[in-house]
Amino acid sequence: MPDKTLLPQLVGNTPLLYLRRVSELTGCDIYGKAEFLNPGGSVKDRTALGIIRAAEAAEELRPGGVIVEGTAGNTGIGLTLMANALGYQTVIVMPQNAAQEKIDYLEMLGAELLLMPSAAASSPHHYIRMAQQIAEGRAREEVKGAIWARQFDNLANRKVHYDTTGREIWDQTQGAVDGFVCAVGTGGTLAGVAQALRERKPEVKIALADPMGSALYRYYTDGELAASGSSITEGIGVSFLPGNLDSVSVDFAFQVDDDSALPHVYQLLKDEGISVGGSSGVNVAGAVALAQELGPGHTIVTVLCDGGDRYRSKLYNAEFLWSRKLPYPEWIAS
Ligand code: PMP
């Protein structure tokens, strides 16, 4: 008899891909967790399912209820797919400058979508604050109730990475992992994996790879939440300390600009057939930096957060890259 597998069961248990070029470059074994293979195409499927299961367990989410979230897109995609599978509805609030591909996909999935112009994180018009307000309103109106997923502060986010991503990395490397590095959007991945690995191997090194425009690099290096510059990467970089990062320390923090991240995206695709988005480029650049800190012979793991097809209109659009004075390979222009 075939297994009666349902969609939520496809989340997680992703392969660990050996990244040949950066491994040869550094003399370390560098692996990328292939999160783009999740059913919604990103690492955020784990968070979506973790948050839904925790809300069900707390009896906050009732059958037919509404899940509201502010997201750069991937959490919205994960939540909407899981909601469709489990009998909920979603209201997704996104920044309007997110890649059109993610907006189109969310429309296709049937999410109720609200696009917000960019605003300071403290503004009531910021997409995260907007999601909170909508959730509060819907909770009063909807017969079947509504919840705000609150991925930045909801600790079900880092818990799911502690229970799954971190444990999987440990098992897949058979405990050989010496270092883990990734960028932060909500901090769920970094916090959950760090906790799972440190419990099993206290000497493991945990590193942050922070894009320009994010305040965390300064926070971890001199205690001040301050940002400079900007990045075209999506889903990473914050101007505040998310609840999921509360009391999480890192051993190293690296700042990665787009000029350093994008060549990894293009080289992974061209030389190794691995298609990823911009945040994975930041992560791979972070893995190279961590390898250089630790020296040859170490095993380093990072995350391939989502796929490159989701950013075709940006990462594979010569005009867009040119307008931002970013590097792009010749094969994109021709
Ligand atoms: N990369 C992408 C493309 C994302 O959408 C996210 C989630 N915001 C991340 C990285 C960061 O993951 P986390 O929220 O666990 O910090």
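Residues numbered from 1 in each chain as written. Predicted model: local features only at pLDDT ≥ 70, side-chain atom pairs only at ≥ 80, totals over all residues. Heavy atoms only, no water.

### Quick look at the layout of surface pockets
Taken as a whole, the second largest pocket holds about 240 Å³ of empty space. In this structure, the second largest pocket is lined by 14 residues; those nearest its centre are Arg46, Gly50, Val160, Asp163 and Thr164. Elements with a minimum of two residues in the lining of the second largest pocket: helix 2 (44–57) and helix 6 (156–172). The greatest single-element share of the lining of the second largest pocket, amounting to seven residues, is contributed by helix 6. Taken together, the residues of the lining of the second largest pocket sort by class into five nonpolar, four polar and five charged. (1 Å grid on protein atoms, 1.4 Å probe; cavity = no way out; pocket = protein on both sides within 12 Å on 5 of 7 lines; lining within 4 Å. Points joined across faces, edges and corners; volume = space filled by probe spheres on them. Helix = DSSP H or I, 4+ residues; strand = E, 2+ residues; numbered from the N terminus. Nonpolar A, V, L, I, M, F, W, Y, C, P; charged D, E, K, R; others polar.)

### Observations regarding the sheet that holds strand 1 (residues 16–18)
Across the sheet, which stays open at both edges, the six strands sit in the order 1-2-10-7-8-9 with mixed pairing between neighbours. Each edge of the sheet is formed by a strand with only one pairing partner; in this case those strands are strand 1 and strand 9 (252–256). Geometrically, the sheet is characterised by an average inter-axis angle of 25 degrees between neighbouring strands, direction not taken into account. In this structure, strand 8 (residues 205–211) lies alongside strand 9, joined through five bridges in parallel fashion. Each bridged residue has a counterpart across the sheet, and for Asp210 the counterpart in strand 9 is Gln255. Set on the sheet, helix 6 makes contact with strand 1, strand 2 (29–34), strand 7 (179–182) and strand 10 (299–304); between it and strand 2 the angle comes to about 140 degrees. (Pairing = 2+ DSSP bridges. Axes fitted to C-alpha atoms, helices over the stretch in contact; angles between N-to-C directions. Contact = heavy atoms within 4.5 Å.)

### What about the sheet that holds strand 5 (residues 112–116)?
Strand-to-strand pairing in sheets goes through backbone hydrogen bonds, with the strands running parallel or antiparallel. One open sheet accounts for four strands, arranged 5-4-3-6; its pairing is parallel. Looking at which strands have only one partner, the edges of the open sheet turn out to be strand 5 and strand 6 (146–148). Within this sheet the neighbouring strands show an average axis-to-axis angle of 15 degrees, counted without direction. Across five bridges, the pairing between strand 3 (residues 66–70) and strand 4 (residues 89–95) is parallel. Across the sheet, Val68 pairs through a bridge with Val91, a residue of strand 4.

### Brief notes about the state of the cysteines
Applying the stated criterion across every chain yields a total of zero disulfides. With no disulfide of its own, Cys182 lies 7.1 Å from the sulfur of Cys305, the closest cysteine sulfur. (Disulfide = S-S within 2.5 Å.)

### Here's the deal with the packing of aromatic side chains
The tally for this structure, following the rule as stated, stands at seven aromatic pairs. Seen from their ring centres, Tyr266 and Trp331 are 6.3 Å apart, and the 90 degrees between their planes marks the pair as edge-to-face. Of this pair, Tyr266 sits in helix 9 (residues 258–272) while Trp331 sits in helix 13 (residues 330–333), and the two are 65 residues apart along the sequence. With relative accessibility at 5%, the residue Tyr266 sits in the buried group. Clustering of aromatic rings is evident, with ring pairs tying together Tyr266, Tyr316 and Trp331. (Phe/Tyr/Trp six-rings, centres within 6.5 Å; stacked < 30°, edge-to-face > 60°. Buried < 20%, exposed > 50% of the residue type's maximum accessible area, 1.4 Å probe, protein only.)

### Overview of the nonpolar core
When a protein is soluble and globular, its nonpolar side chains tend to lie buried together. In this structure, Phe180, Leu190, Leu208, Tyr220 and Leu245 are the most contacted members of the largest nonpolar core, which totals 38 residues. Counting only elements with at least two residues in this core, the list comes to strand 3, strand 4, helix 5 (127–141), strand 7, helix 7 (188–200), strand 8, helix 8 (216–222) and strand 10. With six residues, helix 5 is the single largest residue contributor to this core. Once residues lying within four places of it in the same chain are set aside, the contact partners of Leu245 are Arg158, Val184, Gly187, Leu190, Ala191, Leu216 and Tyr220. Counting residues in hydrophobic clusters, the runner-up holds 25 residues, among them Val22, Cys28, Ile236 and Ala289. (Core = buried A, V, L, I, M, F, W, Y, C linked by side-chain atoms within 4.5 Å.)

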